[in-house]
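One letter stands for each residue in the lines below.
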Amino acid sequence: MFLKPYRLKSSAALKGSEAKKLRARLELAFPHVPAENLIPAKANVTQLKILTHGGQPSMIYCVDKQPMFFELDGGQLVPTLYTLWATPDILPYFSTHEGVLPKLSNGADLMLPGVVPLGVGLNMYGHFKKDQLMAVNLTNNSSAVGVGQLARSSDDLYMCGGHGVAVKMLHMFGDKLWAHEPSMLQQIPLNKTKPLSSEDFPVLGGQDHQRKATKAPQIEQEPAFISQAIEPVELESTTAALSLDEISETAAVAATSSSDEATPETLLKNAFLAALKNNGKKLPLPLLTSNFFRLYVVTEAAEQIDLKKTRYKKLSNFLAEMVDQGFIVVREETKGVDKIISVDLEHPELVNFITDVKTGDGSGAAAETPLFHSELREMYIVSDVTAAFFTKMNYKRGEGIPVGQVKKIVREYVSKHGLSNPQTKLVHPDAVLQELCGNREGTLSEITSIITSKMEHSYQMCSGKDTSGKPQIQMSLATRSGNKKVTLVSNIEAYGIIMAELIKLCKQGAAASTSIVKLPHQKHEQLQVQGNQIRFIYTLLTETYKVPPKCILGLELAKDGKKKRK
């Protein structure tokens, strides 16, 4: 549901009475969890109206900027991963193997072969109803990695013979809802589970069969909801009628507010306030009013702005009203040329205006136009047993190390301490390695396998901002027909940058034709921008994409902007 970017239509802070109604809905939906634990009394609750990539309208409820619940078509409230991590027992769980997580993150539903049975016989998949909310965790970690709806009831799942869809996934670790607020991202908490043994799967007809039939695999923090799966569903269905008045009243309030926000004037005003809120401190004042509208206001609008459809008809009329209200100060330098010379960031209306569209770092917050690709990376966590070895290589206890990096660390340690025999190519362990591998010599791969077997296996969602081990971005100039110069940029994809968004920013900022060029006999593509745009590309990569300057080559080719006099 949130695998692809969604579009934010509006954002509004809930009043005290509206937040109280939301808590009442949560009490009806999740009666076994106090509503105060889900939404604290003094928390700032924001309601976001969004349109998913598939065109489905939905609501997201954020608590202190962090998404905690979202709403389905029928008004059903669904907890996000952040809620499941804070309150694990709010939903029942299905467990799956860790190798299934990358497939789920790519948009697949949880299939029956990947579900670890909760028991035997008819109790294999518990006692749940169709479309009931179900959280999904891993066999080695009890923390949730996704949430969805049951495709069938538990009895129907049993009758499927181990084939078909078990859970239709709605929200996954690493999707756009998880990345809604980049400054508050969280990785999956590590809560180890008790390994499964033969006792968890008794022989059919054995003495322990009746006792084990209704028993699920034990974990350190077993959700209390699993053993009482039927009662909350029945209670929810019986009490749903009691909340119809409250839900209809809330819907009426939402409809009224949406009709007010949908006017072209309100859309323009909200985009103007969002531009000042997100970019007020970074505006290069004095700034041409036309550039301010084109570069800042238009990009903040939830929908396309057409000034002719507003009552202002012209940009100058709208800015004149904003000047009268005290938001900005505009000065006319020459006839027809107006510049904004100052902005009042302490204006009460601007201070109280809430926007979750972008954060101050310019990286994007609602994932409608994400700048980077995200990838699910396998990690090994430094455990207590291996901490003595990795601390000597400047890695802390509990720190995650990519799978491909562990062998490089072991090779560096062996080379640094001279533990390798050049003739036999075997590693002779020193005192530190002997505690992990014993006194036996072995190859580098064998030593690495022993070390990784004593580490925790996990996953981490990473963005393209990680620049370690990546080739440098190369900027160069070339001449095309008619002695026209073009700027060529290589190795951009290695940094996870989404090319479509980069092309869009180049067209808007440089006002130049931009395209992708496929070079013969090469895998990678080049970005081609008309004219000498070296300095613009450099500024865009370092300020917007936060690429370190040391990772970019070719700045010396930029023109100085001064024309030589003859």
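In what follows, the accompanying structure is described. Everything quoted here is computed from the prediction, not taken from an experiment. (Residues numbered from 1 in each chain as written. Predicted model: local features only at pLDDT ≥ 70, side-chain atom pairs only at ≥ 80, totals over all residues. Heavy atoms only, no water.)

### Some thoughts on the overall build of the protein chain
The number of helices and strands found in the protein chain is 18 helices and 22 strands. Every one of the 566 residues in the protein chain was classed for burial, and the buried ones make up 43%. A sequence separation of at least 24 residues applies to 61% of the contacts in the protein chain between residues at least 6 apart. Counting only carbon and sulfur atoms, one obtains 52% of the accessible surface of the protein chain, whose full area is about 29800 Å². (Helix = DSSP H or I, 4+ residues; strand = E, 2+ residues; numbered from the N terminus. Buried < 20%, exposed > 50% of the residue type's maximum accessible area, 1.4 Å probe, protein only. Contact = heavy atoms within 4.5 Å. Areas by Shrake-Rupley, 256 points an atom, 1.4 Å probe, with all protein chains shown as cover.)

### Overview of helix 1 (residues 16-29)
Over its 14 residues, helix 1 runs 20 Å from end to end, which matches the ideal 20 Å to within 8%, given 1.5 Å per residue. Within helix 1, burial applies to A19, L22, R23, R25, L26 and A29. Viewed along the axis of helix 1, the buried residues span an arc of 160 degrees, placing them on a single side of the element. Among the exposed residues of helix 1, those oriented more than 90 degrees off its buried face are G16 and K20. (Expected span 1.5 Å × (residues − 1). Arc of directions from axis to C-beta.)

### Quick notes on the sheet that holds strand 2 (residues 45-51)
Within the open sheet, the 5 strands sit side by side as 1-2-3-4-5. Their pairing is antiparallel. Each having just a single partner strand, strand 1 (7-13) and strand 5 (77-79) make up the two edges of the open sheet. Sheet twist, expressed as the mean angle between neighbouring strand axes with direction ignored, is 30 degrees. Pairing geometry for strand 4 (residues 66-71) and strand 5, over 3 bridges, is antiparallel. Residue pairing in the sheet places F70 in a bridge with V78 of strand 5. (Pairing = 2+ DSSP bridges. Axes fitted to C-alpha atoms, helices over the stretch in contact; angles between N-to-C directions.)

### Looking at the nonpolar core
Ranked by size, the top nonpolar core spans 63 residues in total, and within it I60, L84, F94 and L110 carry the most contacts. Ignoring anything within four residues of it in the chain, the contact list for L84 reads P79, I90, L91, Y93, A135, A144, G146 and V147. A271, L273, L276 and L315 belong to the second-largest nonpolar core, a separate cluster that totals 26 residues. (Core = buried A, V, L, I, M, F, W, Y, C linked by side-chain atoms within 4.5 Å.)

### Section: the pairing of strand 14 (residues 337-343)
Sheet topology note: the strand 12 (residues 287-288)/strand 14 ladder contains 2 bridges and is antiparallel. Pairing of L288 across the sheet is with K339, part of strand 14. With 6 bridges connecting them, strand 13 (residues 328-334) and strand 14 associate as antiparallel partners. Pairing of I328 across the sheet is with V343, part of strand 14.

### A closer look at empty space enclosed by the protein
Going through the model one piece at a time under the given rule, you end up with 2 cavities of 30 Å³ or more. Put simply, the parts of the chain that give the lining of the second largest cavity at least two residues each are strand 10 (141-150) and strand 17 (456-463). It is strand 17 that provides the largest number of residues to the lining of the second largest cavity, a total of 3 residues. Across the lining of the second largest cavity, the residue classes tally to 5 nonpolar, 4 polar and 1 charged. Taken together, domain 1 (7-172) and domain 3 (377-462) each give at least three residues to the lining of the second largest cavity, which thus spans both. (1 Å grid on protein atoms, 1.4 Å probe; cavity = no way out; pocket = protein on both sides within 12 Å on 5 of 7 lines; lining within 4 Å. Points joined across faces, edges and corners; volume = space filled by probe spheres on them. Nonpolar A, V, L, I, M, F, W, Y, C, P; charged D, E, K, R; others polar. Domains from an automatic or database assignment.)

### Some remarks on the sheet that holds strand 18 (residues 473-480)
Pairing is mixed in the open sheet, where 5 strands are placed in the order 20-21-19-18-22. The open sheet terminates on both sides in strands that have one partner only, identified here as strand 20 (514-518) and strand 22 (552-553). Across 4 bridges, the pairing between strand 19 (residues 484-490) and strand 21 (residues 525-530) is antiparallel. When the sheet's bridge partners are listed, L488 is paired in strand 21 with Q528. Against the sheet, helix 17 (residues 499-510) touches strand 20 and strand 21, its axis set at about 135 degrees to strand 20. Against the sheet, helix 18 (residues 534-544) makes contact with strand 18, strand 19, strand 21 and strand 22, and its axis sits at roughly 155 degrees relative to strand 18, the strand it touches most.

### Topic: a nonpolar patch on the surface
On the surface, L122, Y158 and M159 cluster together into a nonpolar patch covering about 330 Å² of accessible area. Tracing the backbone through its elements, the reader meets Y158 in helix 5 (residues 154-159). (Patch = residues over 30% accessible without salt bridge, like charges linked within 9 Å, V, L, I, M, F, W, Y side chains within 5 Å. Salt bridge = Lys/Arg side-chain N within 4 Å of Asp/Glu carboxyl O.)

### Section: the environment of E27
Structurally, the position occupied by E27 is in helix 1. For the pair formed by E27 and L38, sequence separation is 11 residues and the distance between their alpha carbons is 9.7 Å. Once residues within four sequence positions are removed from consideration, E27 is found in contact with A35 and E36.

### Quick word on the packing of helix 14 (residues 403-417) against helix 16 (residues 444-453)
Pairs of packed helices are described in terms of their axes, by the angle between the two and the distance that separates them. With their axes 10 Å apart at the nearest point, helix 14 and helix 16 run at an angle of 120 degrees to one another. It follows from the interaxial angle that helix 14 and helix 16 lie oblique. Of the two possible hands of crossing, helix 14 and helix 16 adopt the one that is right-handed. Residues V406, K407, V410, R411 and V414 of helix 14 form the contact with helix 16, whose own contacting residues are L444, S445, I447, T448, I451 and T452. Here the contact of helix 14 with helix 16 is composed, by residue class, of 6 nonpolar, 3 polar and 2 charged. (Parallel < 35°, antiparallel > 145°, perpendicular 65-115°, else oblique. Left-handed = near helix turned anticlockwise from the far one by under 90°.)

### Describing the packing of aromatic side chains
Think of a pair of aromatic rings as described by two things: how far the centres are apart, and how the planes are tilted against each other in angle. Enumeration over the complete set of coordinates arrives at 15 aromatic pairs. Between F389 and F390, the ring centres sit 5.0 Å apart and the planes meet at 80 degrees, which makes this aromatic pair edge-to-face. Pair check on accessibility: F389 and F390 agree, each one buried. One aromatic cluster is present, formed by F272, F292, Y296, Y312, F318 and F327 through successive ring pairs. (Phe/Tyr/Trp six-rings, centres within 6.5 Å; stacked < 30°, edge-to-face > 60°.)

### Observations regarding the pattern of salt bridges
Taken as a whole, this structure holds 7 salt bridges when the rule is applied. A salt bridge links R25 to E71; the shortest N-O distance between them is 3.1 Å. One end of the pair, R25, is in helix 1; the other, E71, is in strand 4, and 46 residues separate them in sequence. A salt bridge links K339 to E333; its shortest N-O distance comes to 3.5 Å. One salt-bridge network, held together by shared partners, links R331, E333 and K339.

### Notes on helix 11 (residues 315-324)
Listing the buried residues of helix 11 in full gives L315, F318, L319 and M322. What you see down the axis of helix 11 is that its buried residues fit within an arc of 95 degrees, all on one side. For helix 11, the secondary structure elements touched by its buried residues are helix 9 (264-279), helix 10 (289-300) and strand 13. Phi for G326, located one or two positions after helix 11, is positive at around 90 degrees.

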